[in-house]
Amino acid sequence: MRHSTLRQLEVFEAIVRYGSYTRAAEELFLTQPTVSMQIKKLTDAIGLPLFEQIGKKIYLTDAGKELHEMNQDIFKRFERFEMIAADMKGMKTGKLRLAVVTTAKYFVPRLLGMFCRKYPGIEVSLKVSNRAHILERLANNQDDLYVLGQPPKEIDVIAETFLENQLVALASVDHPLANEKGITAKRIVKESFLSRESGSGTRIATERFFADLNLKLKVRMELGSNEAIKQAIIGGLGISILSHHTIALDAPAGQLVVLDVKGLPINRHWYYAYPAGKQLSVVAQVFLEYLQQASQLLTDVSYHYESTDHCPLLPNQNQKNSNQFRIKNVSPDS
Ligand code: PGA
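Bear in mind the structure is a predicted one, so any value in this text is a computation, not a measurement.

### So, the overall build of the chain
Alright, step 1. A tally of helices and strands in the chain yields 11 helices and 11 strands.
Alright, step 2. Of all 334 residues assigned to the chain, the portion counted as buried reaches 47%.

### Let's talk about the site of the ligand
Alright, step 1. In the region of the ligand, 13 residues are neighbours, and Thr103, Ser200, Gly201, Thr202 and Arg268 sit closest.
Alright, step 2. Within the backbone of Gly149, one N or O atom sits 3.4 Å away from an oxygen atom of the ligand.
Alright, step 3. In this structure, an oxygen atom belonging to the ligand sits 3.1 Å away from a main-chain N or O atom of Gly201.
Alright, step 4. In isolation the ligand exposes 280 Å². Once the protein is present, 100% of that is buried.
Alright, step 5. Looking at the shell around the ligand, the elements with two or more residues in it are helix H8 (201–212) and strand S11 (266–275).
Alright, step 6. Here the shell around the ligand is built from residues that sort into two nonpolar, eight polar and three charged.

### Notes on the side chain of Lys230
Alright, step 1. Structurally, the position occupied by Lys230 is in helix H9 (residues 226–234).
Alright, step 2. For Lys230, a relative accessible area of 0% translates into the label buried.
Alright, step 3. Polar contacts involving the side chain of Lys230 include one to the side chain of Glu227, which spans 3.1 Å.

### Notes on the pairing of strand S3 (residues 94–101)
Alright, step 1. The sheet contact formed by S3 and strand S4 (residues 122–129) spans eight bridges and is parallel. Among the inter-strand pairings, Arg97 is bridged to a residue of S4, identified as Ser125.
Alright, step 2. In this region the chain leaves S3, passes through helix H5 (residues 108–118) and returns to the parallel neighbour S4; the handedness of that crossover is right-handed.
Alright, step 3. As judged from the three bridges shared by S3 and strand S5 (residues 145–148), these two strands associate in the parallel manner. When the sheet's bridge partners are listed, Ala99 is paired in S5 with Tyr146.

### What about helix H1 (residues 6–18)?
An α-helical segment advances 3.6 residues per turn. Residues three or four places apart therefore align on the same side.
Alright, step 1. Over its 13 residues, H1 runs 18 Å from end to end, which matches the ideal 18 Å to within 8%, given 1.5 Å per residue.
Alright, step 2. Along H1, the residues classified as buried are Gln8, Leu9, Val11, Phe12, Glu13, Ala14 and Ile15.
Alright, step 3. Buried residues in H1 make contact with helix H2 (21–27), helix H3 (32–46), strand S1 (51–54), strand S2 (57–60) and helix H4 (62–88).
Alright, step 4. Positive backbone phi, approximately 65 degrees, marks Gly19, located one or two places after H1.

### Some details on the nonpolar core
Alright, step 1. Counting residues in hydrophobic clusters, the biggest one holds 42 residues, and the most contacted among them are Leu96, Phe107, Leu111, Leu145, Phe162 and Phe287.
Alright, step 2. For this core, the secondary structure elements donating two or more residues are S3, H5, helix H6 (131–139), S5, strand S6 (157–172), S11, helix H10 (282–291) and helix H11 (294–299).
Alright, step 3. A total of eight residues in this core trace back to one element, the largest contributor, which is H10.
Alright, step 4. Non-local contacts of Phe162, meaning those with residues more than four positions away in its chain, are made with Phe107, Val147, Trp270, Tyr271, Tyr272, Leu291, Ala294 and Ser295.
Alright, step 5. In this structure, Leu167, Ile183, Ile188 and Val257 belong to the second largest nonpolar core, which totals 22 residues.

### Notes on the side chain of Thr246
Alright, step 1. Checked against the element boundaries, Thr246 lands in the loop between strand S9 (240–243) and strand S10 (256–258).
Alright, step 2. Every residue in contact with Thr246, bar those within four places of it in the chain, is listed here: Thr103, Tyr106, Leu170, Asn226, Glu227 and Lys230.

### Remarks on the packing of H1 against H4
Alright, step 1. Relative orientation of the contacting elements H1 and H4 amounts to 115 degrees, with a least axis distance of 10 Å. Read as a crossing pair, H1 and H4 show a hand that is left-handed. When H1 is examined against H4, the residues Leu6, Leu9, Glu10, Phe12, Glu13 and Val16 are found in contact with a partner set consisting of Gly64, Leu67, His68, Asn71, Gln72, Ile74, Phe75 and Phe78.
Alright, step 2. Tallied by class, residues from the contact of H1 with H4 come to eight nonpolar, four polar and two charged.

### Structural notes on the packing of aromatic side chains
Alright, step 1. Per the counting criterion, the structure on display carries nine aromatic pairs.
Alright, step 2. Taken together, a centroid distance of 6.1 Å and an interplanar angle of 65 degrees make the contact between Tyr21 and Phe51 edge-to-face. Here Tyr21, found in helix H2, pairs with Phe51, found in strand S1; they are 30 residues apart in sequence, far enough to count as distant.
Alright, step 3. When the centroid spacing of 4.9 Å and the interplanar angle of 85 degrees are considered together, the rings of Phe115 and Phe287 count as edge-to-face. Residue Phe115 is located in helix H5, and its partner Phe287 is located in helix H10; the two are separated by 172 residues in the primary sequence.
Alright, step 4. Owing to a relative accessible area of 0%, Phe115 belongs among the buried residues under this scheme.

Rules used throughout
- Residues numbered from 1 in each chain as written.
- Predicted model: local features only at pLDDT ≥ 70, side-chain atom pairs only at ≥ 80, totals over all residues.
- Heavy atoms only, no water.
- Helix = DSSP H or I, 4+ residues; strand = E, 2+ residues; numbered from the N terminus.
- Buried < 20%, exposed > 50% of the residue type's maximum accessible area, 1.4 Å probe, protein only.
- Near = heavy atom within 4 Å.
- Polar contact = N/O pair within 3.5 Å; in protein donor to acceptor, adjacent residues only side chain to side chain.
- Areas by Shrake-Rupley, 256 points an atom, 1.4 Å probe, with all protein chains shown as cover.
- Nonpolar A, V, L, I, M, F, W, Y, C, P; charged D, E, K, R; others polar.
- Pairing = 2+ DSSP bridges.
- Right-handed = clockwise from strand over helix to strand, strands pointing away.
- Expected span 1.5 Å × (residues − 1).
- Contact = heavy atoms within 4.5 Å.
- Core = buried A, V, L, I, M, F, W, Y, C linked by side-chain atoms within 4.5 Å.
- Axes fitted to C-alpha atoms, helices over the stretch in contact; angles between N-to-C directions.
- Left-handed = near helix turned anticlockwise from the far one by under 90°.
- Phe/Tyr/Trp six-rings, centres within 6.5 Å; stacked < 30°, edge-to-face > 60°.

Dropping the structure here:
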């Protein structure tokens with residue numbers, strides 16, 4: 001076993017990933033007989049079969065599963081070493097695997113754009129899913145870093161805030177409450193409410209806000225994305241509470257208003273998190289340092305809103321008697 005080369009382990013991993021010798025050979029630019037030969041050598045060195053073929057499918061044997069698990073470790077450590085070596089050479093190169101909750105997609109890609117321009121040698125992959133899925137990934141240590149609206153209680157993590165996240169009530173511009181001031185939460189729960197899907201962090205925070213006031217929302221519809229909710233609001237199906245980040249960039253100009261509700265916005269924060277005890281890669285550490293400047297970097301972006309005095313979030317308040325906001329200037333490259 002000690003004589004197995006890293007190449008043989010790479011070949012083995014590629015076969016596991018694709019479930020096919022042919023595709024593994026393609027990925028590694030090898031011929032299929034070479035792949036078979038490498039696996040034969042590895043199998044001989046271990047003295048146990050690693051795969052079994054049933055019909056056309058290849059399955060891992062118990063020994064194969066153990067080897068696969070050990071490989072994950074070896075390759076991660078190897079990747080880490082490569083990054084450390086690159087760092088010692090003064091280069092920032094390597095991979096950054098990020099997983100973020102749905103709502104963070106409104107600002108994380110923008111931050112990543114600036115980050116990648118600064119460190120062109122860093123390759124980034126970004127997974128976007130709702131809170132429940134992101135927590136599953138975090139528990140399984142599948143990524144380098146996570147961005148979410150609230151650190152989990154059930155998993156031991158290192159977490160820190162890096163940006164504000166305010167949840168606001170949104171309605172269509174012609175909604176009867178659109179121009180009212182000081183709307184009570186009691187009044188809000190009489191309205192048809194559009195809720196995010198279960199597992200969403202936005203939904204959990206919203207439900208908690210009303211539960212603390214002993215109030216219950218009248219949920220008319222559950223929708224699986226912030227975008228679908230915004231369209232449903234415009235379609236007159238109801239109102240909702242979403243992060244103010246969701247009204248950035250692609251806000252349907254002038255069709256949504258932020259309601260002036262007492263007790264809102266719900267003041268939350270964005271957190272980065274990773275499992276306690278995890279050894280962060282050099283690249284992940286560089287990204288964490290970069291995140292410290294997130295709020296400053298995002299205020300520099302080129303989209304601004306105009307809003308009235310009863311839109312508490314949006315800085316430009318010079319448009320009296322209308323609480324519409326609109327995008328002034330969007331330039332994806334800045
Ligand atoms: P969500 O999470 O996109 O799953 O709603 C956002 C949050 O946790 O604030």
